[in-house]
Every structure is written in structure tokens, then in C-alpha cells.
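A closer look at the structure
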Amino acid sequence: MPDTILVVVEQREGKLNRVSWETITAGQAIAAATGWTLEAAVVGGTASTFAAEVAAKKVGKVYAVESPKLEPYTPDAFAAALKQLLTAKQPKLVLMPHTYQVRDFVPKLATAMGRAVISDCIGFKHENGKLVFTRQMFQGKLAADVSFNSDAPWFATFQNGAFRGDKAEDGASPAPIETVAADIADGVIRNKPQEAFKEAKQAVDLTQAEVIVAVGRGIKEQKNIEIAKQLADALGADLAASRPICDNGWLPMDRQIGSSGQTVAPKVYLALGISGAIQHIVGMKGSRTIIAVNKDSEAPIFEIADYAIIGNLFDIVPPLTEEVKKVKAELAK
Amino acid sequence: MKILVCMKQVPQKDAPLKLNETAAWIREDVSYEVNEPDAFALEEALRQREKHKGEVVVITSGPARAQQVLREALAKGADRAIHLEDNAFVGLDAFNTAKAFAAAIKDEQFDLIFTGLQSDDYGYAQTGVILAELLGWPHATIIMQIEKNDTGIRVKRELEAGFFQFVDMPLPAVLTIQSGINKLRYATLIGIKQAKNKPIRKVALAEVQSAIGENLQKIERLYVPQKTKKTEHIEGSPVEIAKKLVDKLRNELRVL
């Protein structure tokens, strides 16, 4: 029997999320490189209702892992259900998207099986028959190629945006679906989750913004936010921030960009004093043009910047604001 | 409540990193600081102790330099510290780090263990959850609020896309703490002075060696990421940069 790759997709509110398709694309790419078979699994209270959507993709088989105890999500139930599936099917490699939910249960699942997870990967390489996974380290300043040093199953999770979800290939015909009843004993689930909710109604929708001026730690003090605000006002842009700025209360949480905030794709994203930690990058790397101002020439933000200005934002931004105002005034004449 | 806080020393955010001769790790002659989410975890533990009494113990692993993280935590108010002291701990994967911690605390009885949600160096975001599984405890991740109640605790988990969720769970438990859950305190002068008399239990590698094994994942190589984007540098005086950039915003990017 050939080795198998199993992609565990994620559904939220009855819909498969975008990163799930990205992980299927990743699985298809690894299958093509290694010659291994690709299968998928959907996990939930009524997983079979989502299985057909996945079965339309180019995968050998889809497992619908079901139990009423899988709804709502708990790490105890998910780890128990998947451990049963993996023990029975023995895939070589298990892939999942690096979502908050997967982060919550996959280290537990792997530990329960005495295995490791290479988490938050951005790519893979298949070199001389050896599979290595690329992940960012030191907040994106360095990259590492990491290999497994254990027996199967191997677990890897892929970062949001690492692969193109729309590149997931369709199958010639729907893949067979096998419903697997997960046996989760009473007492296994210890956490009692309540309904998910949104804090205050999000007042600011940055997803539609054409131009965003975003500030990071480099702004140093709350009073300096004004410098960025003036540039944003001059440009007619929306003001946004990286997480530490909102954590400090210097700007409201609904202006936060990144994995715990909004995901944006404006025409122009102007990053002021933002180093470019992974958690921020995932929220804005889809921007059409990225302009970064940072005094640290090695800041990871420059890896994805179209225009780089290495310098102190306190020197750079005020004359920029003046120049924008000047040109706008001329255009208005 | 007796709370253990797992803390890590990581290179400073703006420290220039160079590869060492193995090209699988960095040269360690850089400045270090406490991993930021761990500082929030410590703060939360101190606040819980202020509300419910008890004890806050901090633990770290790493060479002698890592003791600085413990000293700072003691100065901020932690009661005592545990230091797994050996350079070998730096290279352990999350699985083995958690195993070493579990071995080092086997005679302790904690109600809660906190970790930061992830580290700024490896960024695996796994050690806390692995530790929970090794101890057989429940866990919850990316926590923004903790309230003790009669049956255990109610925590507020951060989900994606602006969603949150309350989760009720029994004790003992492991929680991974999100940055921004609270406002950090500074160490006071008196705190710094008192810290000198607080105990740090040193745990040698030999004491936990039997609990840990070979790393289950191996860093083959570390490197500066290849740029996928062509970046144009805009240089000159601030005024020149302003002119060049506005020209681009207007004529190339067409947003002015």
C-alpha cells in the first residue's frame, strides 16, 4: 500500500473555511512530489454534510468523522476522534491549516500519539526522497527547513495564505466518502464551551479600504499616533495598527490588522514602524502595493514590501504628509 | 491558587541575527529579553494571586543567561523560580521541552499552568498544549480573561475574525495566554531588592534527562528567507523621499 497524506479540513458555522482549500492544494502538491496518495477528512457533528464538497476535489477518499460529541468543538473530542481515525487508517503525513482551532488541539493529538507537529509551515521541499517543511522563525527574520525524526504519522500545519486555495484541483469524478463514527466515551470532554460571540459591534471595516496607513511599535508613544493620523487624513486613508498598538489602547481593537484582527487587501498599504511579525503579515500580505518605513533594514516587513524606506518614521512621515497635502492642493486647483 | 508560569528568554525583537557555524541555529551573542506573551502570562498570574491568594512560581529552561527572565519575574512579584539550566535545553523541540518541564515539577501541585501563546523565536505555539496532555490536564488556548468560580474557571478564548468564546473548565488546567490580556506592571525598586532573597531552584539536565528523548523534529538548516518580491528602495533626504513617494502614489499607484 502506498503512503498516504491525510488533509484534515476545517469547517466553521457550516462552511469549510478558505484555509482548508489551501491545505488541500498543499496536499495535492506534496502528493505530486512524493507519489503518495491523498485523502481528506472532515470532522464534526454532521461532517458528512460537508464531505461532498471536499470529495469534488482531486482526492482519493474523504472520511466524514462524526459524533454528536464533536459539536461544539472541544480539543478533547477532536483529539480523541482523530486519534481513532489515524490509528485505524495509518496515514504517513497529516496536514491541517494553522488556524486557532487546529493550534488548540493538534499538539494534544500528536502528543497523545507520541509524535510531533511541524507547525505554521509556509512550504515544503522534497529533496533526495526526503520531505522537509519550511517555516518562519524569529518572527520571520529567518526561515528553517525542518524534517521529521520519528515514525509516522507526521503532522504539519500550513500558515494562512501559504498555498492558493483556488488552485485546489477538482477530481475527474467525486471521491468516495466513508462515514466514520467516532467513539467518544463519557467523561472525555472536560471543557464546556459557550456560544462564540463578537465583542462590540465592529465599528470600523478596514476590508474595503483603498489605502491604509498602519502603525506599529516604531511609533513609540501614544501621542505620536497623531503623526500617522495626519498622513492618513492627508491621503484620505484609513488608519490601522499592528496588535501591540491596540493592546496598549493607543488605537481601538477594531483597527487591528493581523491574525487576531482584520484581514485587508487595499491598493496601497503603508506600514510605519511595523517590523512585520508573522501575525501581522498574514493580515495584510494580500495588499496590492506595500510601502514600508522602518529604521531596521532587517525588519521582515521589507521581505514583502514593494517600496522600502529605511529610516526613522519621525523623520520621514511629516515631510511626506506635507508633500501629499501640497500635491493634493495643486490637483484641486 | 498555585500557578506556574512557563517563561522563555528570546532574542530581542530588533537584535540582528547571524547564523552560527552549524547553519542550523543562530549565534547566541545577541541581546535577549523575555518572550512577550510570557510577560502577559506572568502578569495574569500575579493578578490572580492578588485576587485569590496562593503562589506564583516561574519556570524557564536555558543556559545561565536565561536566569535574567526569572530574576525579572521575581522582581515583579513571583514567589519563587525553577531554572532548568543547561545550554542543551535551547535546542529541544516543544515536545521535549514540555517533557522536561513535566519532570521538573513532578513533586509540585499546581492549580494552573500558564504559558505565552507562542514564542518569538521558534513560534511553534505548542509547548503549553503538549504539557497539558503530558499531565493529563484540560487546556484552553489564546486566553483573554480568567475568572475563578465554584467548579473551576471560566476563560475567554480568542477565536479568529474578531470572535470570542467563554469556556468553563475544571482545575487543574493549562492556559496559553494572549498578549494584551492585561497591562504589564513594572518591577519596583523594593521588588528588585526582595527578588535577591527569593529562591531559584536549579534543575540540571541530568535530573530530567531520563524524561526527554531525541527531538522528533529536526532543523536541517536555517537561512535568511529568499525574497519573493522585488523591492525598490526609496532613498535620499526625508524631503526627497517624500517627493519620490508622492510621485509614485500619484502616477504609478494612482491613489492621489
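Source: prediction; values computed, not measured. (Residues numbered from 1 in each chain as written. Chains lettered and ligands numbered in written order. Predicted model: local features only at pLDDT ≥ 70, side-chain atom pairs only at ≥ 80, totals over all residues. Heavy atoms only, no water.)

1. What about the overall build of chain B?
Looking only at helices and strands, chain B has 7 helices and 13 strands in total. If one aligns the C-alpha atoms of chain B with their principal axes, the spans along those axes are about 65 × 45 × 40 Å. Across the 256 residues in chain B, those meeting the buried criterion constitute 57%. A distance of 4 Å separates the average location of the 36 positive side-chain charges in chain B from that of its 35 negative side-chain charges. (Helix = DSSP H or I, 4+ residues; strand = E, 2+ residues; numbered from the N terminus. Buried < 20%, exposed > 50% of the residue type's maximum accessible area, 1.4 Å probe, protein only. Lys, Arg positive; Asp, Glu negative; His and termini not counted. Charge placed at Lys NZ, Arg CZ, Asp CG, Glu CD.)

2. So, the overall build of chain A
Looking only at helices and strands, chain A has 8 helices and 17 strands in total. Based on the C-alpha atoms only, the size of chain A along its principal axes is roughly 70 × 50 × 35 Å. Considering only residue pairs separated by 6 or more positions, chain A has 64% of its internal contacts joining residues 24 or more positions apart. As displayed, chain A offers around 13,000 Å² of accessible surface, 50% of which is attributable to carbon and sulfur atoms. When the 37 basic and 38 acidic side-chain charges of chain A are each reduced to a single mean position, those positions are 1 Å apart. (Contact = heavy atoms within 4.5 Å. Areas by Shrake-Rupley, 256 points an atom, 1.4 Å probe, with all protein chains shown as cover.)

3. A word on the environment of leucine 4 of chain B
All names here are of chain B. Looking at the secondary structure, you find leucine 4 in strand β1 (residues 2-6). For leucine 4, a relative accessible area of 0% gives the class buried. Expressed as a C-alpha distance, the spacing of leucine 4 and glutamate 108, which sit 104 residues apart in the sequence, is 9.7 Å. Once residues lying within four places of it in the same chain are set aside, the contact partners of leucine 4 are Val57, Val58, Ile59, Ile105, Phe110, Leu112, Ile113 and Phe114.

4. Some points on the pairing of strand β6 (residues 112-116) of chain B
Side-chain positions along a regular strand alternate between the two faces of the sheet. Residues and elements named next belong to chain B. With 5 of its 5 residues buried, β6 lies for the most part within the structure. With 4 bridges connecting them, β1 and β6 associate as parallel partners. Considered in β6, the bridge of leucine 4 is made with isoleucine 113. (Pairing = 2+ DSSP bridges.)

5. Topic: the sheet that holds strand β7 (residues 117-127) of chain A
With mixed pairing, the 10 strands of this open sheet are ordered in space as β11(A)-β5(A)-β4(A)-β1(A)-β6(A)-β10(A)-β7(A)-β8(A)-β9(A)-β12(B). At either end of the open sheet lies a strand with only one pairing partner, and these are β11 (177-181) of chain A together with β12 (217-223) of chain B. For this sheet the average axis-to-axis angle between neighbouring strands, irrespective of direction, equals 35°. Sitting on the sheet, helix α2 (residues 48-55) of chain A touches β1 (4-9), β4 (37-44), β5 (62-66) and β11 of chain A, and the angle it makes with β5 of chain A is about 165°. (Axes fitted to C-alpha atoms, helices over the stretch in contact; angles between N-to-C directions.)

6. Considerations on the sheet that holds strand β13 (residues 232-233) of chain B
Read across the open sheet, the 6 strands follow the order β14(A)-β13(A)-β15(A)-β16(A)-β17(A)-β13(B); overall the sheet is parallel. Either end of the sheet is taken by a strand with one partner, and the two such strands are β14 (238-241) of chain A together with β13 of chain B. Note: strand β17 (residues 307-310) of chain A against β13 of chain B, 2 bridges, orientation parallel. In the sheet register, tyrosine 307 of chain A faces β13 of chain B, and the bridge partner there is glutamate 232 of chain B. Together, β13 (211-215), β14 and β15 (268-272) of chain A form the strand contacts of helix α5 (residues 225-235) of chain A, whose direction differs from that of β13 of chain A by roughly 175°. Against the sheet, helix α7 (residues 238-252) of chain B touches β15, β16 (289-294) and β17 of chain A together with β13 of chain B, its axis set at about 165° to β17 of chain A.

7. Observations concerning the packing of helix α8 (residues 313-332) of chain A against α7 of chain B
Across the interface, α8 of chain A lies against α7 of chain B with an axial gap of 8 Å and an inter-helix angle of 45°. Considering their axes alone, α8 of chain A and α7 of chain B lie oblique with respect to each other. Where α8 of chain A crosses over α7 of chain B, the handedness of that crossing is right-handed. Contact residues: Asp315, Ile316, Pro319, Leu320, Glu323, Val324, Lys326, Val327 and Leu331 of chain A in α8 of chain A; Pro238, Val239, Ile241, Ala242, Lys243, Leu245, Val246 and Arg250 of chain B in α7 of chain B. Looking at the contact of α8 of chain A with α7 of chain B residue by residue, the classes come out as 12 nonpolar, no polar and 5 charged. (Parallel < 35°, antiparallel > 145°, perpendicular 65-115°, else oblique. Left-handed = near helix turned anticlockwise from the far one by under 90°. Nonpolar A, V, L, I, M, F, W, Y, C, P; charged D, E, K, R; others polar.)

8. Some words on the interface of chain A and chain B
Contacts between chain A and chain B engage 86 residues on the former and 87 residues on the latter. Both faces combined, the contact of chain A with chain B buries some 7,800 Å², and carbon together with sulfur accounts for 55% of it. The largest per-residue losses of area from chain A upon contact with chain B belong to Tyr100, Phe138 and Tyr307 of chain A, which jointly make up 9% of the total buried on that side. On inspection of chain A and its partner chain B, the count reaches 7 salt bridges. (Buried area = accessible area lost by both parts, 1.4 Å probe. Salt bridge = Lys/Arg side-chain N within 4 Å of Asp/Glu carboxyl O.)

9. Examining the environment of threonine 231 of chain B
For threonine 231 of chain B, the position within the fold is in the loop between β12 and β13. Residue classification places threonine 231 of chain B among the buried residues on the basis of a relative accessible area of 19%. Not counting the four nearest positions on each side in its chain, threonine 231 of chain B is found in contact with Phe302, Ala305, Asp306, Tyr307 and Ala308 of chain A. A distance of 3.5 Å separates a polar atom in the side chain of threonine 231 of chain B from the backbone oxygen of phenylalanine 302 of chain A. Here alanine 305 of chain A takes part through its backbone oxygen, which lies 2.7 Å from a polar atom of the side chain of threonine 231 of chain B. (Polar contact = N/O pair within 3.5 Å; in protein donor to acceptor, adjacent residues only side chain to side chain.)

10. Comments concerning the packing of aromatic side chains
This model, assessed by the stated rule, comprises 13 aromatic pairs over all chains. For the ring pair phenylalanine 124 of chain A and phenylalanine 163 of chain A, a centre distance of 6.5 Å and an interplane angle of 20° mean the geometry is stacked. Linking phenylalanine 124 of chain A in strand β7 with phenylalanine 163 of chain A in the loop between β10 (154-158) and β11, this pair joins segments that are 39 residues apart in sequence. When sorted by exposure, phenylalanine 124 of chain A lands in the same class as phenylalanine 163 of chain A, which is buried. Ring centres 5.4 Å apart and planes at 25° place the aromatic pair tyrosine 122 of chain B and tyrosine 124 of chain B in the stacked group. By relative accessible area, which is 6% here, tyrosine 124 of chain B ends up buried. Above the face of the tryptophan 154 of chain A ring, lysine 92 of chain A is positioned so that its terminal group lies 4.6 Å from the ring centre. Across the ring face of phenylalanine 164 of chain B, the terminal group of lysine 156 of chain B is positioned such that the distance to the ring centre comes to 4.6 Å. (Phe/Tyr/Trp six-rings, centres within 6.5 Å; stacked < 30°, edge-to-face > 60°. Lys NZ or Arg CZ within 6 Å of the ring centre and 35° of its normal.)

11. Brief notes about helix α1 (residues 18-34) of chain A
All names here are of chain A. Here α1 spans 25 Å end to end across 17 residues, near enough to the 24 Å set by a 1.5 Å rise per residue. Counting buried residues along α1, 13 of its 17 residues qualify, which places the element largely inside the surrounding structure. In the segment just after α1, glycine 35 is the residue with positive phi, at about 80°. (Expected span 1.5 Å × (residues − 1).)

12. A few points about the nonpolar core
Grouped burial of nonpolar side chains is what soluble globular proteins tend to show. Residues Leu93 and Phe133 of chain A are the most contacted members of the largest nonpolar core, which totals 82 residues. If you tally residues by element for this core, the top one is helix α3 (residues 94-104) of chain B, at 8 residues. Core analysis: the next-biggest nonpolar cluster, separate from the first, contains 38 residues, Ala237, Trp250 and Ile316 of chain A together with Ile234 of chain B among them. (Core = buried A, V, L, I, M, F, W, Y, C linked by side-chain atoms within 4.5 Å.)

13. Some details on the confidence of the model for chain B
Looking at chain B as a whole, the pLDDT averages 95, with 100% of positions reaching at least 70. Taken together, the chains of this predicted complex give a pTM of 0.89 and an interface ipTM of 0.92. (pLDDT = per-residue confidence, 0-100.)

14. Quick notes on the pattern of salt bridges
Under the counting rule described, the total for this entry stands at 43 salt bridges over all chains. Of the charged contacts in the structure, one is a salt bridge between glutamate 178 of chain A and lysine 61 of chain A, with a shortest N-O distance of 2.8 Å. Taken together, the positions of glutamate 178 of chain A in strand β11 and lysine 61 of chain A in the loop between α2 and β5 put the pair 117 residues apart, joining distant regions of the chain. Between glutamate 28 of chain B and arginine 65 of chain B there is a salt bridge, with the nearest N and O atoms lying 3.0 Å from each other. With glutamate 28 of chain B in the loop between β2 (9-11) and β3 (32-34) and arginine 65 of chain B in the loop between β4 (55-62) and α2 (67-76), this pair connects stretches of sequence that are 37 residues apart. Through salt bridges that share partners, Arg217 of chain A together with Lys13, Glu33, Glu36 and Asp120 of chain B make up one connected network.

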